[in-house]
Amino acid sequence: MPRTRLAPSPTGALHLGNARTFLINWALARQRGWEVLLRIEDLDSPRIKAGADLGAIADLAWLGLDWDEGPVYQTAELAPCRQAIECLSRAGLLYPCACTRREIEQAQSAPHEVPGQELRYPGTCRPEKAAPLPRHVFTPDPSADGGAAPAIRIRVPDEPVVVHDQVRGVQRINVQATVGDFIIATRAGLPAYQLAVVVDDARQGMTDVVRGDDLLGSTARQLWLYRYLGVAAPPRWWHLPLLLGPDGRRLAKRHGDSRLARYREMGVPVERIVGLLAHWSGVTARREPMSVGDFAARFDIGRLPGEAVTFTPEDESWLVADHQDSLNRAKTAGV
Ligand code: GLU
(Lines give C-alpha, C1' and ligand atoms only; values in the text may rest on other atoms or scores of the structure.)
Protein backbone atom coordinates (compact mmCIF):
# COMPACT_ATOMS: atom_id res chain seq x y z
CA MET A 1 0.00 0.00 0.00
CA PRO A 2 1.47 3.42 -0.90
CA ARG A 3 2.24 5.51 2.16
CA THR A 4 3.16 9.06 2.99
CA ARG A 5 3.74 11.01 6.17
CA LEU A 6 2.94 14.38 7.63
CA ALA A 7 6.16 15.14 9.48
CA PRO A 8 6.07 18.36 11.49
CA SER A 9 9.15 19.34 13.49
CA PRO A 10 7.98 20.63 16.86
CA THR A 11 10.37 23.57 16.72
CA GLY A 12 7.66 26.23 16.61
CA ALA A 13 4.09 26.86 15.57
CA LEU A 14 2.85 25.92 12.08
CA HIS A 15 2.43 28.91 9.79
CA LEU A 16 0.70 29.33 6.44
CA GLY A 17 3.72 27.97 4.54
CA ASN A 18 3.75 24.74 6.55
CA ALA A 19 -0.02 24.53 6.21
CA ARG A 20 0.17 24.69 2.43
CA THR A 21 2.73 21.87 2.26
CA PHE A 22 0.74 19.68 4.64
CA LEU A 23 -2.55 20.38 2.87
CA ILE A 24 -1.11 19.44 -0.53
CA ASN A 25 0.55 16.35 0.94
CA TRP A 26 -2.74 15.26 2.47
CA ALA A 27 -4.76 16.03 -0.69
CA LEU A 28 -2.37 14.00 -2.85
CA ALA A 29 -2.72 11.12 -0.38
CA ARG A 30 -6.51 11.25 -0.37
CA GLN A 31 -6.65 11.55 -4.18
CA ARG A 32 -4.29 8.65 -4.77
CA GLY A 33 -5.19 6.29 -1.94
CA TRP A 34 -1.96 6.65 0.04
CA GLU A 35 -2.01 5.83 3.74
CA VAL A 36 -1.02 8.77 5.94
CA LEU A 37 1.23 8.52 9.00
CA LEU A 38 1.65 11.47 11.34
CA ARG A 39 5.28 11.54 12.47
CA ILE A 40 6.55 14.10 14.95
CA GLU A 41 10.20 14.87 14.14
CA ASP A 42 11.36 15.61 17.64
CA LEU A 43 15.04 14.79 17.24
CA ASP A 44 16.25 18.29 16.58
CA SER A 45 16.77 18.69 20.32
CA PRO A 46 18.14 22.20 20.82
CA ARG A 47 15.38 23.67 18.67
CA ILE A 48 12.47 21.59 20.01
CA LYS A 49 9.89 23.66 21.89
CA ALA A 50 7.84 22.14 24.69
CA GLY A 51 4.23 21.75 23.60
CA ALA A 52 4.91 22.46 19.92
CA ASP A 53 4.04 18.84 19.08
CA LEU A 54 0.55 19.19 20.52
CA GLY A 55 0.23 22.60 18.88
CA ALA A 56 1.05 21.10 15.46
CA ILE A 57 -1.41 18.26 15.96
CA ALA A 58 -4.14 20.74 16.97
CA ASP A 59 -3.37 22.93 13.94
CA LEU A 60 -3.51 20.01 11.50
CA ALA A 61 -6.79 18.83 13.02
CA TRP A 62 -8.21 22.36 12.85
CA LEU A 63 -7.33 22.52 9.17
CA GLY A 64 -9.41 19.37 8.76
CA LEU A 65 -6.58 16.98 7.88
CA ASP A 66 -6.66 13.44 9.16
CA TRP A 67 -4.25 10.52 9.26
CA ASP A 68 -4.46 6.76 9.39
CA GLU A 69 -1.71 6.17 11.94
CA GLY A 70 0.17 8.08 14.59
CA PRO A 71 1.28 10.37 15.98
CA VAL A 72 4.57 8.49 16.24
CA TYR A 73 7.54 10.30 17.77
CA GLN A 74 10.99 9.88 16.26
CA THR A 75 12.67 9.77 19.65
CA ALA A 76 10.46 6.85 20.75
CA GLU A 77 12.52 4.35 18.80
CA LEU A 78 16.17 5.11 18.28
CA ALA A 79 17.50 1.54 17.98
CA PRO A 80 16.98 1.39 14.18
CA CYS A 81 19.05 4.58 13.80
CA ARG A 82 21.82 3.15 15.98
CA GLN A 83 21.86 0.00 13.83
CA ALA A 84 22.13 2.13 10.71
CA ILE A 85 25.06 4.06 12.22
CA GLU A 86 26.77 0.78 13.01
CA CYS A 87 26.24 -0.42 9.46
CA LEU A 88 27.75 2.78 8.00
CA SER A 89 30.61 2.53 10.46
CA ARG A 90 31.40 -1.07 9.47
CA ALA A 91 31.62 0.13 5.88
CA GLY A 92 34.33 2.58 7.02
CA LEU A 93 32.27 5.59 6.01
CA LEU A 94 32.13 7.46 9.32
CA TYR A 95 34.57 9.54 11.32
CA PRO A 96 34.42 11.68 14.45
CA CYS A 97 34.65 15.45 14.13
CA ALA A 98 35.07 17.91 16.97
CA CYS A 99 35.09 21.08 14.83
CA THR A 100 32.96 23.92 16.08
CA ARG A 101 30.78 25.99 13.76
CA ARG A 102 33.23 28.84 14.19
CA GLU A 103 36.15 26.68 13.07
CA ILE A 104 34.20 25.56 10.02
CA GLU A 105 33.35 29.17 9.22
CA GLN A 106 37.00 30.15 9.48
CA ALA A 107 38.03 27.33 7.16
CA GLN A 108 35.79 28.56 4.30
CA SER A 109 37.78 29.41 1.20
CA ALA A 110 35.37 32.22 0.35
CA PRO A 111 33.53 34.49 2.79
CA HIS A 112 30.11 33.14 3.57
CA GLU A 113 27.66 35.50 2.00
CA VAL A 114 24.30 33.82 2.10
CA PRO A 115 22.84 34.06 5.59
CA GLY A 116 20.99 30.96 6.70
CA GLN A 117 22.64 28.80 4.07
CA GLU A 118 24.54 25.82 5.34
CA LEU A 119 28.31 25.99 5.55
CA ARG A 120 30.39 23.57 3.53
CA TYR A 121 32.44 21.34 5.79
CA PRO A 122 35.94 21.31 4.33
CA GLY A 123 36.91 17.85 5.62
CA THR A 124 39.19 19.01 8.42
CA CYS A 125 38.83 15.81 10.49
CA ARG A 126 38.43 13.36 7.60
CA PRO A 127 41.04 10.60 8.05
CA GLU A 128 43.02 9.42 5.02
CA LYS A 129 42.10 5.85 5.54
CA ALA A 130 38.55 4.65 6.03
CA ALA A 131 38.11 2.48 9.12
CA PRO A 132 35.24 1.42 11.37
CA LEU A 133 34.71 3.66 14.38
CA PRO A 134 35.49 2.30 17.83
CA ARG A 135 32.16 1.21 19.29
CA HIS A 136 32.10 3.67 22.18
CA VAL A 137 32.06 6.58 19.72
CA PHE A 138 28.55 5.86 18.53
CA THR A 139 27.16 4.35 21.71
CA PRO A 140 27.83 7.30 24.01
CA ASP A 141 28.07 6.69 27.71
CA PRO A 142 24.88 8.19 29.21
CA SER A 143 26.76 8.98 32.43
CA ALA A 144 29.26 11.19 30.58
CA ASP A 145 28.61 14.94 30.77
CA GLY A 146 28.07 15.07 27.01
CA GLY A 147 30.02 18.28 26.44
CA ALA A 148 33.14 16.84 24.89
CA ALA A 149 31.70 14.17 22.57
CA PRO A 150 32.52 14.61 18.88
CA ALA A 151 29.90 14.64 16.16
CA ILE A 152 30.07 11.87 13.56
CA ARG A 153 30.32 12.67 9.87
CA ILE A 154 29.99 10.57 6.76
CA ARG A 155 32.38 10.79 3.82
CA VAL A 156 30.63 11.54 0.57
CA PRO A 157 32.23 11.37 -2.88
CA ASP A 158 32.74 14.46 -4.99
CA GLU A 159 30.14 13.57 -7.62
CA PRO A 160 26.52 14.49 -8.26
CA VAL A 161 23.55 12.36 -7.37
CA VAL A 162 20.45 12.56 -9.50
CA VAL A 163 17.17 13.30 -7.73
CA HIS A 164 14.12 12.40 -9.84
CA ASP A 165 11.50 14.71 -8.46
CA GLN A 166 7.81 14.48 -9.35
CA VAL A 167 7.44 18.26 -9.30
CA ARG A 168 10.87 19.65 -10.09
CA GLY A 169 12.00 17.01 -12.60
CA VAL A 170 15.60 15.78 -12.69
CA GLN A 171 18.00 17.56 -10.32
CA ARG A 172 21.72 16.85 -10.18
CA ILE A 173 23.26 17.79 -6.84
CA ASN A 174 26.83 17.37 -5.66
CA VAL A 175 26.70 17.00 -1.89
CA GLN A 176 30.47 17.19 -1.44
CA ALA A 177 30.62 20.46 -3.37
CA THR A 178 27.71 22.03 -1.50
CA VAL A 179 27.84 20.90 2.13
CA GLY A 180 30.70 18.38 2.23
CA ASP A 181 30.80 15.38 4.57
CA PHE A 182 27.66 15.80 6.65
CA ILE A 183 26.63 14.94 10.19
CA ILE A 184 25.15 11.55 10.97
CA ALA A 185 25.12 11.79 14.77
CA THR A 186 25.22 14.94 16.83
CA ARG A 187 27.51 15.81 19.71
CA ALA A 188 24.66 14.88 22.02
CA GLY A 189 24.90 11.33 20.64
CA LEU A 190 21.57 11.54 18.82
CA PRO A 191 20.94 10.57 15.20
CA ALA A 192 21.01 13.62 12.95
CA TYR A 193 17.97 14.66 10.90
CA GLN A 194 19.28 13.24 7.58
CA LEU A 195 19.86 9.80 9.03
CA ALA A 196 16.68 9.63 11.10
CA VAL A 197 14.50 10.63 8.15
CA VAL A 198 15.99 7.95 5.91
CA VAL A 199 15.84 5.22 8.55
CA ASP A 200 12.26 6.08 9.51
CA ASP A 201 10.99 6.56 5.97
CA ALA A 202 12.49 3.19 5.00
CA ARG A 203 11.27 1.19 7.99
CA GLN A 204 7.85 2.84 7.97
CA GLY A 205 7.41 1.91 4.31
CA MET A 206 7.12 5.42 2.87
CA THR A 207 6.58 5.40 -0.88
CA ASP A 208 5.90 9.13 -1.32
CA VAL A 209 7.54 12.04 0.45
CA VAL A 210 6.03 15.49 -0.07
CA ARG A 211 7.89 18.50 1.34
CA GLY A 212 9.16 22.00 0.64
CA ASP A 213 11.80 22.40 -2.03
CA ASP A 214 14.15 23.98 0.50
CA LEU A 215 14.84 20.33 1.36
CA LEU A 216 16.08 19.32 -2.12
CA GLY A 217 19.67 19.55 -0.89
CA SER A 218 18.76 17.26 2.00
CA THR A 219 17.24 14.79 -0.43
CA ALA A 220 20.58 14.51 -2.21
CA ARG A 221 22.25 13.70 1.11
CA GLN A 222 19.52 11.21 1.90
CA LEU A 223 20.04 9.51 -1.47
CA TRP A 224 23.63 8.69 -0.49
CA LEU A 225 22.33 7.19 2.75
CA TYR A 226 19.78 5.07 0.88
CA ARG A 227 22.60 3.74 -1.26
CA TYR A 228 24.99 3.09 1.59
CA LEU A 229 22.33 1.44 3.72
CA GLY A 230 21.30 -0.77 0.81
CA VAL A 231 17.66 0.37 0.75
CA ALA A 232 16.43 -0.95 -2.56
CA ALA A 233 13.71 1.56 -3.33
CA PRO A 234 13.86 5.15 -2.04
CA PRO A 235 10.51 6.93 -2.00
CA ARG A 236 9.21 9.13 -4.77
CA TRP A 237 9.85 12.77 -3.90
CA TRP A 238 7.51 15.68 -4.45
CA HIS A 239 9.26 18.95 -3.64
CA LEU A 240 6.85 21.86 -3.52
CA PRO A 241 7.76 25.50 -4.19
CA LEU A 242 7.95 27.56 -1.04
CA LEU A 243 5.80 30.33 0.28
CA LEU A 244 7.71 33.63 0.48
CA GLY A 245 7.24 36.86 2.37
CA PRO A 246 6.79 40.16 0.46
CA ASP A 247 10.59 40.66 0.52
CA GLY A 248 11.14 37.46 -1.48
CA ARG A 249 12.55 35.53 1.45
CA ARG A 250 11.12 32.31 2.80
CA LEU A 251 8.07 33.02 4.98
CA ALA A 252 9.19 33.40 8.59
CA LYS A 253 8.45 35.28 11.77
CA ARG A 254 10.02 38.49 10.49
CA HIS A 255 7.11 38.79 8.02
CA GLY A 256 4.59 39.04 10.82
CA ASP A 257 2.54 36.49 12.61
CA SER A 258 1.16 33.96 10.15
CA ARG A 259 0.73 31.16 12.68
CA LEU A 260 -2.39 29.06 12.18
CA ALA A 261 -3.03 29.28 15.93
CA ARG A 262 -3.26 33.06 15.67
CA TYR A 263 -5.92 32.92 12.96
CA ARG A 264 -7.78 30.24 14.88
CA GLU A 265 -7.76 32.36 18.04
CA MET A 266 -8.95 35.37 16.06
CA GLY A 267 -11.92 33.36 14.86
CA VAL A 268 -10.90 33.33 11.18
CA PRO A 269 -12.96 30.52 9.60
CA VAL A 270 -10.74 27.65 8.50
CA GLU A 271 -12.40 27.80 5.06
CA ARG A 272 -10.66 31.14 4.51
CA ILE A 273 -7.27 29.63 5.29
CA VAL A 274 -7.93 26.69 2.98
CA GLY A 275 -9.32 29.09 0.35
CA LEU A 276 -6.13 31.14 0.39
CA LEU A 277 -3.96 28.01 0.23
CA ALA A 278 -6.10 26.82 -2.68
CA HIS A 279 -5.61 30.12 -4.50
CA TRP A 280 -1.84 29.76 -3.98
CA SER A 281 -1.95 26.18 -5.25
CA GLY A 282 -3.49 26.81 -8.65
CA VAL A 283 -6.99 25.63 -7.64
CA THR A 284 -8.85 28.95 -7.96
CA ALA A 285 -8.24 32.12 -9.93
CA ARG A 286 -9.57 34.28 -7.08
CA ARG A 287 -9.54 33.83 -3.33
CA GLU A 288 -12.72 32.14 -2.13
CA PRO A 289 -13.49 30.17 1.04
CA MET A 290 -13.15 26.40 0.58
CA SER A 291 -13.43 23.23 2.65
CA VAL A 292 -10.59 20.71 2.75
CA GLY A 293 -12.89 18.20 1.08
CA ASP A 294 -13.33 20.56 -1.87
CA PHE A 295 -9.62 21.21 -1.91
CA ALA A 296 -8.88 17.48 -2.14
CA ALA A 297 -11.45 17.12 -4.93
CA ARG A 298 -10.22 20.08 -6.98
CA PHE A 299 -6.45 20.21 -6.39
CA ASP A 300 -4.40 19.27 -9.46
CA ILE A 301 -0.66 18.87 -8.95
CA GLY A 302 -0.19 19.63 -12.65
CA ARG A 303 -1.55 23.15 -12.07
CA LEU A 304 0.54 23.93 -9.01
CA PRO A 305 2.53 27.10 -9.81
CA GLY A 306 6.13 26.10 -10.48
CA GLU A 307 7.44 29.25 -8.83
CA ALA A 308 7.39 30.20 -5.18
CA VAL A 309 4.24 32.08 -4.12
CA THR A 310 4.27 35.34 -2.18
CA PHE A 311 2.14 36.02 0.89
CA THR A 312 1.03 39.60 0.30
CA PRO A 313 -0.55 42.18 2.65
CA GLU A 314 -3.72 41.80 0.51
CA ASP A 315 -3.79 38.09 1.34
CA GLU A 316 -3.56 38.92 5.03
CA SER A 317 -6.35 41.51 4.75
CA TRP A 318 -8.56 39.02 2.98
CA LEU A 319 -7.98 36.43 5.71
CA VAL A 320 -8.78 38.72 8.58
CA ALA A 321 -11.34 40.90 6.74
CA ASP A 322 -14.41 40.17 8.85
CA HIS A 323 -12.42 40.02 12.04
CA GLN A 324 -10.76 43.36 11.99
CA ASP A 325 -13.65 45.04 13.81
CA SER A 326 -13.78 42.51 16.61
CA LEU A 327 -9.98 42.67 16.83
CA ASN A 328 -10.01 46.43 17.15
CA ARG A 329 -12.72 46.17 19.79
CA ALA A 330 -10.63 43.61 21.67
CA LYS A 331 -7.60 45.90 21.46
CA THR A 332 -9.53 48.89 22.76
CA ALA A 333 -10.88 46.79 25.59
CA GLY A 334 -7.28 45.78 26.38
CA VAL A 335 -7.93 42.06 25.82
N1 GLU B 1 10.28 17.75 9.71
C2 GLU B 1 10.66 18.49 8.54
C3 GLU B 1 10.05 19.87 8.59
O4 GLU B 1 9.12 20.12 9.33
C5 GLU B 1 10.24 17.80 7.27
C6 GLU B 1 11.12 16.68 6.97
C7 GLU B 1 10.74 15.89 5.76
O8 GLU B 1 9.66 16.07 5.21
O9 GLU B 1 11.51 15.04 5.39
O10 GLU B 1 10.55 20.73 7.89
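Look above for the structure.
A few points on the structure.

Calculation rules
Residues numbered from 1 in each chain as written. Predicted model: local features only at pLDDT ≥ 70, side-chain atom pairs only at ≥ 80, totals over all residues. Heavy atoms only, no water. Helix = DSSP H or I, 4+ residues; strand = E, 2+ residues; numbered from the N terminus. Rg over C-alpha atoms; globule rule 2.2 N^0.38 Å. Buried < 20%, exposed > 50% of the residue type's maximum accessible area, 1.4 Å probe, protein only. Contact = heavy atoms within 4.5 Å. Areas by Shrake-Rupley, 256 points an atom, 1.4 Å probe, with all protein chains shown as cover. Lys, Arg positive; Asp, Glu negative; His and termini not counted. Charge placed at Lys NZ, Arg CZ, Asp CG, Glu CD. Axes fitted to C-alpha atoms, helices over the stretch in contact; angles between N-to-C directions. Parallel < 35°, antiparallel > 145°, perpendicular 65-115°, else oblique. Left-handed = near helix turned anticlockwise from the far one by under 90°. Nonpolar A, V, L, I, M, F, W, Y, C, P; charged D, E, K, R; others polar. Near = heavy atom within 4 Å. Polar contact = N/O pair within 3.5 Å; in protein donor to acceptor, adjacent residues only side chain to side chain.

**Thoughts on the overall build of the chain**
Logical step 1: Check the secondary structure of the chain and you find 13 helices and 12 strands.
Logical step 2: Against the compact-globule benchmark of 20 Å for 335 residues, the chain has a radius of gyration of 21 Å, which places it among compact chains.
Logical step 3: Looking at the 335 residues of the chain, the share that counts as buried comes to 47%.
Logical step 4: A separation of at least 24 residues holds for 77% of the contacts in the chain among residues at least 6 apart in sequence.
Logical step 5: Of the accessible surface of the chain, which amounts to about 16,100 Å², a share of 52% is contributed by carbon and sulfur atoms.
Logical step 6: Considering the chain, the positive charge centre built from 40 side chains and the negative charge centre built from 40 side chains are found 3 Å apart.

**Some thoughts on the environment of Pro150**
Logical step 1: As for its placement among the helices and strands, Pro150 is situated in the loop between α5 (135–138) and β5 (151–154).
Logical step 2: For Pro150, a relative accessible area of 29% gives the class partly exposed.
Logical step 3: For the pair Pro150 and Cys97, spaced 53 residues apart in sequence, the C-alpha separation works out to 5.3 Å.
Logical step 4: Ignoring any residue separated from it by four or fewer positions in sequence, one finds Pro150 in contact with Pro96, Cys97, Ala98, Thr186 and Arg187.

**Topic: the packing of helix α3 (residues 79–90) against helix α7 (residues 193–203)**
Logical step 1: Running from N to C, α3 and α7 point in directions that differ by 110°, and their axes come no closer than 10 Å. The angle between the axes of α3 and α7 places the two elements in the roughly perpendicular class. Seen along the crossing, α3 lies across α7 with a hand that is right-handed. Contacts from Pro80, Cys81, Ala84, Ile85 and Leu88 in α3 reach Leu195, Ala196, Val199 and Arg203 in α7.
Logical step 2: Residue classes in the contact of α3 with α7 are distributed as eight nonpolar, no polar and one charged.

**Here's the deal with the site of the ligand**
Logical step 1: Taken together, the residues surrounding the ligand are Arg5, Ala7, Ser9, Glu41, Tyr193, Val197 and Arg211.
Logical step 2: Between Arg211 and the ligand, the recorded distance is 2.5 Å, taken from a side-chain N or O atom to an oxygen atom.
Logical step 3: Against a free-state accessible area of 300 Å², the protein chains account for coverage of 77% of the ligand.
Logical step 4: Residue classes in the shell around the ligand are distributed as three nonpolar, one polar and three charged.

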